[in-house]
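# Structure assessment
Spelled out from the first residue to the last, the chains are:
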Amino acid sequence: MEETEAEAAGGVLVFAVNGERFEVSGVDPSTTLLEFLRTRTRFKSVKLGCGEGGCGACVVLLSRYDPVLDRVEDITASSCLTLLCSVNRSSITTTEGLGNSKDGFHPIHQRFSSFHASQCGFCTPGMCMSFYGALVNAEKTDRPEPSPGFSKLSVFESEKAIAGNLCRCTGYRPIADACKSFAADVDLEDLGLNSFWGKGDSEESKMSRLPPYCRKDEKCTFPKFLKKEFKSPMLLDTKRYDWYTPTTVKDLQCLLETDGTGNASLVKLVAGNTGMGYYKEAKRWEKYIDLRNIPELAIVKMDETGIEFGTTVTISKAIEALREHSKCMSSTGGGMIFRKTADHMEKIASGFIRNTASLGGNLVMAQRFHFPSDIATVLLAVDSQVTVMSGSKQERLTLEEFLERSPLDSKSVLLSIKIPTWHLRRSTASKATERLLFETYRAAPRPLGNALPYLNAAFLAEVTASEASHEIVINNCWLAFGAYGTQHAIRARKVEETLTGKVLSLSVLREVIEVVKATIVADYGTRDPAYRSSLAVGFLFKFLSPLVESRAKTVGNSLNGYKSPILDGEPNLTQHRGEFQDGQISSLLSSSTQVVELNKEYYPVGEPIKKSEAAIQASGEAVYVDDIPSPATCLYGAFIYSTKPLARVKGIRIPSSVPSNSVSSIISFQDIPDGGQNVGSKTIFGFEPLFADELAHYAGQPIALVVADTQKHADMAADSAVVDYDVDNLEMPILSLEEAVERSSFFEVAPFLYPSEVGDLSKGMAEADNKILSAKIELGSQYYFYMENQTALAVPDEDNCMVVYSSSQCPEYAHNTIASCLGILGHNVRVITRRVGGGFGGKAVRAMPVATACALAAHKLRRPVRTYLNRKTDMIMAGGRHPMKITYSVGFKSNGKITALRLDVVVDGGLSADVSPVMPMNIVSAIKKYNWGALSFDIKVCKTNHTTKSAMRAPGEVQGTFIAEAVIEHVASALSMNVDSVRNINLHSHSSLSLFYKHTAGEPQEYTVPAIWTKLALSSNLDQRIEMVKEFNGCSLWKKRGISRVPIVYEVSLRATPGKVSILNDGSVVVEVGGIEIGQGLWTKVKQMVAFALSSVQCDGTTEILKKIRVIQADTLSLIQGGFTAGSTTSEASCQAVRVCCDILVQRLSPLKSSLQEQMGSVTWEVLVDQAYNQSINLSASTYYAPDLDNMNYLNYGAAVSEVEVDLLTGETRILRVDIIYDSGKSLNPAIDLGQIEGAFIQGLGFFMLEEYLTNSEGLVVADGTWTYKIPTLDTIPKEFNVEILNSGHHQKRVLSSKASGEPPLLLAVSIHCAARAAIKEARKQLLSWSGHDESDSIFQLGVPATMPVVKGLCGLNSVESYLDWALGKEQKV
Ligand SMILES: Cc1cc2nc3c(=O)[nH]c(=O)nc-3n(C[C@H](O)[C@H](O)[C@H](O)COP(=O)(O)OP(=O)(O)OC[C@H]3O[C@@H](n4cnc5c(N)ncnc54)[C@H](O)[C@@H]3O)c2cc1C
Ligand code: FES
Ligand code: FES
């Protein structure tokens, strides 16, 4: 037996990362795999997006070897939750291990980059690994061999593989396409724009261009050397590790009994450790006991009485086993129950969590910590049992008994879980049939999972159906509900009793619903309690109503114009659920089209080339700020923030639970050096203090930066810091807009920034036939949710200088802020930014305090200091989009033509001005998209004791567009008119556009909204679909559809920006620009522009020049006046700047080129450059491009048609189809613009439908992680998403006729909100018809975001009751 040196010494973890052997000793058992990989290896591709299992940025492939079966198990896992000690003897593969720039990229990397599936790239490594895991496992199946070049995966599996991973940039469609390109059943025709093939290429030619996926070439995930480890006993030095790996239950018992700590609460049983994602425990336990090496706890045992799972069986394994065993069982009895249980389990978390999360861990979390478990609910309904071990005693309990017991003590262990087999019993009575019915339900913001449910339920019933009488009797039932704000899942006994023995009828249903409502009552403090009760009602109704023998059938099947499938049928025991049948989803996305028109005029500008660096982003080689290796002696910071809105800070104490000597310093305003200022961010409108001084002004305001030896210790110290506050004799903080108005707490908006009114309001109002007066709407905030949290690294340099690496959209401003804070001259500071892992405005002003705090700490401690904010702190401090309240009055004619609009808007700017004074201008600019006749407004930006609000993608404009649509919808409702007609009649002509946008309307032919409007109607088949929606709504009782077409107008402004182009002596070109690469493809467009502009020198080889160009990081001393990367125009301005530089260089080179050409006939680029060097021609040119004042502002246009389907029982809105036409002029790069359009739209979808950035009553953000803040995922985006980029021709005043694409398309997402409103309108009409009220009462405001509770609230929390009352009434009449 070979034994390594380290093993002989005992206590070594042995594992492999990307085939490299690692032997690690003396590990703190609370170390996560992510922490280890990022801080102690060169593999930085695992990214920290959330640290709680909710984003997938950290996914790795974890391979374990089973020496008995000689088999390797490969699973994806979140490295942020996997403990390092638990990977002993495992092999870890990260995306670097699949391929790289040196050895060649993996086809996954190549396809991600060429399908344009990576923008900022921060999510890309995790996406690649989630997909790779699915790929590897599909190969192990015995499915038929796929065609060469494809994998055994199906399209649906490819989509599901990445459904738990978050991406904030792309909108997911291109990522899904990249993955689907591997699927055996893919139709290449269905895949979107990519740089492999063009339109019209044959299938063979497409196939030949895809980078080959050769399954045989796949690297073995488990290195040979690691297999040898299994021959030696596992030796973990428990004295040093406190990590125990018992291999029998007996050992486990002994360990628990002889617990040397004497304090059981210091012992932690570990299975998958995913529970840490929810509880985020920072505490280091005295003793960790890994349960996963005990074979008895990992068994799956099936016999005729049921299936028994050992407690450590993972959810993924349980799903597999349930499905496998269900195949040999009755499909209508126990098999069906197993299958449906597995289907439900597949909606828990995401694949990479289910692969390590154990059944036992889940149930213990439910039992001990009241976790809203799905497993507890489903298993409760099928009468499961568990075995619990306490000391030497083992006890079998029903799951219900287990849940109802007092919390399991830390010395007790859950050993196994048993799901009994349910048998189908046949009645002897000839005319009766007994059946077993089972369904499970969950209502959650994301249908495929990765979102906790508002409520879940599982219902099992034994029923007898009499064929003679068409009656169905419930003999027995097991009804479980959970996750609705209750301590644990419950059996609804009273409801069960009410049903048992009853012949199902409408009146029984009506009766039982009241019992459900009385039973399913959320605990005090739960959000949306009435909604949750209504879900319980809805689900039970969904379960039972198809079984009700409907006497109402005789009342006819047309209900006030609504056909009722429920009332139209025989008693049905085959569980045909009509419209309740959600159906087996066969794919998440359907084929979508992208129409782009290529423009060859300025080649290679206009080519849809892939984003530069996309491949290294996929392979994990791209270096983000936190990937820069820590310099020696580096320290780590974490912010301590105020939890009070207005309070004196009297002191800060770090408790003793934080490891002693780990904290170096607590940096606060008192550490500002002489001559420096307490400034954390600066804009032209003012500044915000870096730290609260004696007084904290908002919850979330930084008070101090605690500096420690590791990021973990810094976070631990900041998290547990005790701040001593005092609020005596302080005035009340301003926490509402009303209070701000009352106290006249406003930011000054300079007159030149304040928008101009249009027309004469009183005249417009006088012309109106109708008026709506003082209607109110309000809008909340939105969090940026860049995948890379705020981060910076400050390194003190010689002579009182400071170099700061910052993930910033405006290094120049960070630079100035740092210099002011430290009280040093600007030339002593250097801020470097290479790339930003997503910004969306949040890495502009809000990144400055992070860079400045690190610089201040580094300055004081004379050591490098870095920080990477954790997601919670980031969310609490970030600020986000501006909330606002709007009051409007509108006058309009009877034909829908609006004659006057008056708006009073109050905007919450938070504590500091930031860039908030631009809000009035931005809001009004977007509102002006319609011809309001006259437009008048009063907009106040309020100063409050909330976090400072900053620009977020389309700041003000997205709210403005919403306000405009809310007014239009209101007018349409008031007139009972079709909304589309009201929009139509109020669209601008070019002359009214010129009135509203005085200086930016451009030439008539540039105004493309009317053309887009008509074109979109045709391309989206609007008229026909409106009819289809009507038809659907007439037939469908519990689902309603809405369709809506919306235009947008978006004004942008170019800003001055520098550029520098240098040609090196080998002909390669290095470019510097003021703009920052934040994922928007700025570098790629700049490279294209440089290639285009230099090619005008016209020598041989310039067509190849694109490959020789590199854009390098922004460095504020190398290129000054970089300004802000914001406002959608930085790419084109940077392009223009480098174009000017190139023109200068071409001018310098041209005479030489002519003379060389005369001498040599033809001149290559390299020879030309070589000769230029010989002749001392200056081959570096720089410029500061300042746009012409007359042309710096212009308008962008687009329109979208969205169709949605609303589930009236749950309030869920599914987006069936979206069609967009967006005018991007002559696109500089259509692939990149397409990515911007789709990504922005999906971010807008999040704002309008999903994302609630909630605070508590003191203004402290409480939606502070992936558990509570839900950005869109693959399963919530439009199923069909068609985008056309309109090449609107020549725009003389634009940069090579191009237009912006970064922000405007976000506004188009309002069409989804409008479509949802249309669907809800139908639901309300139906509801009113049931209660006999006037149908015209359809005026309502749909809140933003239109989450499930909001939508359900408007569709009727009591809609089931209303329906039944109505149906019963009809029945009685007959
Ligand atoms: C992002 C995310 C989303 C999720 N979404 C859902 C969801 O939608 N629905 C849902 O139901 N669940 C959900 N979960 C919860 C998930 O199912 C649990 O985290 C997981 O099953 C716990 O198993 P584990 O092996 O990781 O447990 P661990 O984290 O190892 O343990 C959890 C707790 O149980 C204790 N423990 C573990 N095993 C035993 C045992 N045998 N006896 C006694 N104590 C034990 C541990 O000491 C610890 O306190 C989600 C989890 C994550 C991370
Ligand atoms: S960082 Fe691990 S899942 Fe988000
Ligand atoms: S590319 Fe996915 S988060 Fe930026």
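Naming follows an unreviewed UniProt entry, where the protein appears as Abscisic-aldehyde oxidase of Rhodamnia argentea. Under the Sequence similarities (unreviewed entry) heading, UniProt states for the protein: "Belongs to the xanthine dehydrogenase family."

## Examining the overall build of the protein
Of the regular secondary structure elements, the protein holds 41 helices and 45 strands. Rg of the C-alpha trace for the protein: 32 Å, near the compact-globule value of 34 Å for 1374 residues, within the 12% margin. For the protein, the C-alpha atoms occupy an extent of roughly 105 × 90 × 80 Å along the three principal directions. A burial count over the protein gives 64% of its 1374 residues as buried. Contacts spanning at least 24 positions in sequence make up 78% of the contacts within the protein whose residues lie at least 6 apart. Accessible area of the protein: about 48200 Å², with a carbon and sulfur share of 50%. Here the protein contributes 139 positive and 154 negative side-chain charges, whose respective centroids are spaced 1 Å apart.

## Regarding the side chain of Asn194
Examined against the element boundaries, Asn194 turns out to sit in the loop between α7 (173–180) and α8 (203–209). A distance of 2.9 Å separates a polar side-chain atom of Asn194 from the backbone oxygen of Gly192. Within the structure, the side chain of Asn194 is placed 2.8 Å from the backbone nitrogen of Phe196, a separation counted as a polar contact. Sequence-distant contacts of Asn194, that is, excluding residues within four places in its chain, are made with Ser114, Phe115 and His116.

## Brief notes about the pairing of strand β8 (residues 287–290)
Here β8 shows no split at all, with Lys287 and Ile289 on one side and Tyr288 and Asp290 on the other all buried. Pairing analysis gives 4 bridges linking strand β7 (residues 267–270) to β8, with the strands arranged parallel. By the bridge assignment for β8, Lys268 is matched with Tyr288.

## As for α7
Since there are 3.6 residues in each turn of an α-helix, residues three or four apart along the chain are aligned in direction. Counting buried positions over the 8 residues of α7 gives 8, a clear majority of the element. Against α4 (107–114), α5 (124–139), α6 (155–161), β20 (594–595) and α38 (1230–1250) lie the buried residues of α7.

## Things to note about the pairing of strand β42 (residues 1180–1185)
In β42, alternate side chains face the same way, and those of Ala1181, Thr1183 and Tyr1185 are buried while those of Ser1180, Ser1182 and Tyr1184 on the opposite face are not. Pairing geometry for strand β38 (residues 1057–1063) and β42, over 6 bridges, is antiparallel. When the sheet's bridge partners are listed, Thr1057 is paired in β42 with Tyr1185.

## Let's talk about the packing of helix α29 (residues 919–927) against helix α30 (residues 957–975)
The description of two packed helices rests on the angle between their axes and on the distance between the axes. Where α29 meets α30, the closest approach of the two axes is 7 Å, and the angle between their N-to-C directions is 40°. Classed by the angle they form, the pair α29 and α30 counts as oblique. Considering only the axes of α29 and α30, their crossing is right-handed. Residues Met919, Asn922, Ile923, Ala926 and Ile927 of α29 form the contact with α30, whose own contacting residues are Glu957, Gln959, Gly960, Thr961, Ile963 and Ala964. Its residues assigned to classes, the contact of α29 with α30 comprises 6 nonpolar, 4 polar and 1 charged.

## Here's the deal with the site of ligand 1
Within the structure, ligand 1 sits among 37 residues, and Leu269, Gly272, Thr274, Ser358 and Asp374 are positioned closest to it. One of the backbone nitrogen or oxygen atoms of Gly275 is found 2.8 Å away from an oxygen atom of ligand 1. The separation between an oxygen atom of ligand 1 and a polar main-chain atom of Asp374 is 2.6 Å. Considered on its own, ligand 1 offers 970 Å² of accessible surface; in the complex 97% of this is hidden by protein. Elements that contribute at least two residues to the shell around ligand 1 include exactly β7, α16 (359–369), α17 (374–381) and β13 (412–420). Here the shell around ligand 1 takes 6 residues from α16, the largest share from any one element. Here the residues of the shell around ligand 1 sort into 21 nonpolar, 12 polar and 4 charged.

## Description of the packing of aromatic side chains
Overall, the coordinates contain 45 aromatic pairs when judged by the stated rule. Centre to centre, the rings of Tyr783 and Tyr784 are 6.4 Å apart; their planes meet at 65°, and the pair counts as edge-to-face. The two residues Tyr783 and Tyr784 agree in class, both being buried. What links up through ring pairs into an aromatic cluster is the set Tyr783, Tyr784, Phe785, Tyr786, Tyr1253 and Tyr1269. Positioned above the aromatic ring of Tyr786, the side-chain terminus of Lys843 is 4.4 Å from the ring centre.

## Some remarks on the side chain of Thr341
Mapped onto the elements of the fold, Thr341 is located in helix α14 (residues 334–345). For Thr341, the residues in contact, after removing those within four places along its chain, are Leu322, Val378, Leu379 and Phe438.

## Digging into α14
The end-to-end C-alpha separation of α14 is 16 Å, in line with the 16 Å expected for 12 residues at 1.5 Å each. Most of α14 sits inside the fold, with 10 of its 12 residues counted as buried. Taken together, the buried positions of α14 are Gly334, Gly335, Met336, Ile337, Phe338, Lys340, Thr341, Ala342, His344 and Met345.

## Notes on a negative patch on the surface
On the surface, a cluster of negative charge is made up of Asp187, Asp190, Glu203 and Glu204. Positionally, Glu204 belongs in helix α8.

## Remarks on the sheet that holds β7
The parallel open sheet is built from 3 strands, whose spatial order is β6-β8-β7. The open sheet is flanked by β6 (243–244) and β7, the only strands paired with a single partner.

## A word on the sheet that holds strand β9 (residues 300–303)
Here we have 5 strands laid out as an open sheet, ordered β9-β10-β13-β11-β12, and antiparallel in their pairing. With one partner strand each, in any of the chains shown, β9 and β12 (393–398) form the two edges of the open sheet. Taken over all neighbouring pairs, the strand axes of this sheet differ in orientation by 20° on average, direction set aside. Pairing geometry for strand β11 (residues 385–390) and β12, over 6 bridges, is antiparallel. For Met389, the partnering residue across the bridge sits in β12 and is Gln394.

## Structural notes on the pattern of salt bridges
Inspection of the entire model under this criterion finds 70 salt bridges. A salt bridge links Lys1226 to Glu601, with the nearest nitrogen and oxygen atoms 4.0 Å apart. A residue pair is termed long-range when its members are at least 10 positions apart, and Lys1226 in the loop between β44 (1213–1223) and α38 and Glu601 in the loop between β20 and α22 (614–618) qualify at 625 residues. Overall, Lys1226 belongs to the buried group, its relative accessible area being 13%. A cluster of three or more residues bridged by salt bridges with shared partners is formed by Arg38, Lys47, Asp626, Asp627 and Arg866.

## Points about unusual backbone geometry
With glycine set apart, most residues show a phi of negative sign, and most peptide bonds adopt trans. The residue after Tyr603, namely Pro604, is reached through a cis peptide bond having omega 0°. For Pro604, the location among the structural elements is in the loop between β20 and α22. Cis geometry is found at the peptide bond from Val1344 to Pro1345, where omega equals -5°. Examined against the element boundaries, Pro1345 turns out to sit in the loop between α39 (1310–1331) and α40 (1348–1356).

## Side note on the packing of α14 against α17
Across the interface, α14 lies against α17 with an axial gap of 10 Å and an inter-helix angle of 170°. By the criterion of interaxial angle, the relationship of α14 to α17 is roughly antiparallel. With respect to the hand of their crossing, α14 and α17 are arranged in right-handed fashion. On the side of α14, the interface is formed by Thr341, His344 and Met345, while α17 contributes Asp374, Val378 and Leu379. Residue composition of the contact of α14 with α17, by class: 3 nonpolar, 2 polar and 1 charged.

## A closer look at the nonpolar core
What tends to happen in soluble globular proteins is that the nonpolar side chains get buried as a cluster. Formed by 384 residues in total, the largest nonpolar core has its most connected members in Trp932 and Trp1165. Leave out the neighbours within four places in its chain, and Trp932 touches Ile898, Thr899, Ala900, Leu901, Ile927, Ala964, Val967, Ile968 and Phe996.

## Side note on the confidence of the model for the protein
With 94% of its residues at a pLDDT of at least 70, the protein reaches an overall mean of 92. In the model, residues 1–10 has pLDDT below 50 throughout and makes 18 contacts with residues more than four positions away in sequence or in other chains. Overall, residues 550–577 carries pLDDT values under 50, and its contacts beyond four positions in sequence, including any with other chains, amount to 73 contacts.

## A few points about the environment of Asn1282
Along the polypeptide, Asn1282 turns up in strand β45 (residues 1280–1286). As for Asn1282 and Lys1370, which are separated by 88 residues in sequence, their C-alpha atoms are 45 Å apart. When neighbours within four sequence positions are excluded, Asn1282 is seen to be in contact with Ser591, Ser592, Thr593, Arg1217, Val1218, Asp1219 and Ile1220. In terms of polar contacts, Asn1282 uses its side chain to reach the side chain of Asp1219, at 3.1 Å.

Definitions and cut-offs
- Residues numbered from 1 in each chain as written.
- Chains lettered and ligands numbered in written order.
- Predicted model: local features only at pLDDT ≥ 70, side-chain atom pairs only at ≥ 80, totals over all residues.
- Heavy atoms only, no water.
- UniProt positions renumbered as here; feature names shortened; annotations may be inferred.
- Helix = DSSP H or I, 4+ residues; strand = E, 2+ residues; numbered from the N terminus.
- Rg over C-alpha atoms; globule rule 2.2 N^0.38 Å.
- Buried < 20%, exposed > 50% of the residue type's maximum accessible area, 1.4 Å probe, protein only.
- Contact = heavy atoms within 4.5 Å.
- Areas by Shrake-Rupley, 256 points an atom, 1.4 Å probe, with all protein chains shown as cover.
- Lys, Arg positive; Asp, Glu negative; His and termini not counted.
- Charge placed at Lys NZ, Arg CZ, Asp CG, Glu CD.
- Polar contact = N/O pair within 3.5 Å; in protein donor to acceptor, adjacent residues only side chain to side chain.
- Pairing = 2+ DSSP bridges.
- Axes fitted to C-alpha atoms, helices over the stretch in contact; angles between N-to-C directions.
- Parallel < 35°, antiparallel > 145°, perpendicular 65-115°, else oblique.
- Left-handed = near helix turned anticlockwise from the far one by under 90°.
- Nonpolar A, V, L, I, M, F, W, Y, C, P; charged D, E, K, R; others polar.
- Near = heavy atom within 4 Å.
- Phe/Tyr/Trp six-rings, centres within 6.5 Å; stacked < 30°, edge-to-face > 60°.
- Lys NZ or Arg CZ within 6 Å of the ring centre and 35° of its normal.
- Expected span 1.5 Å × (residues − 1).
- Patch = residues over 30% accessible without salt bridge, like charges linked within 9 Å, V, L, I, M, F, W, Y side chains within 5 Å.
- Salt bridge = Lys/Arg side-chain N within 4 Å of Asp/Glu carboxyl O.
- Core = buried A, V, L, I, M, F, W, Y, C linked by side-chain atoms within 4.5 Å.
- pLDDT = per-residue confidence, 0-100.

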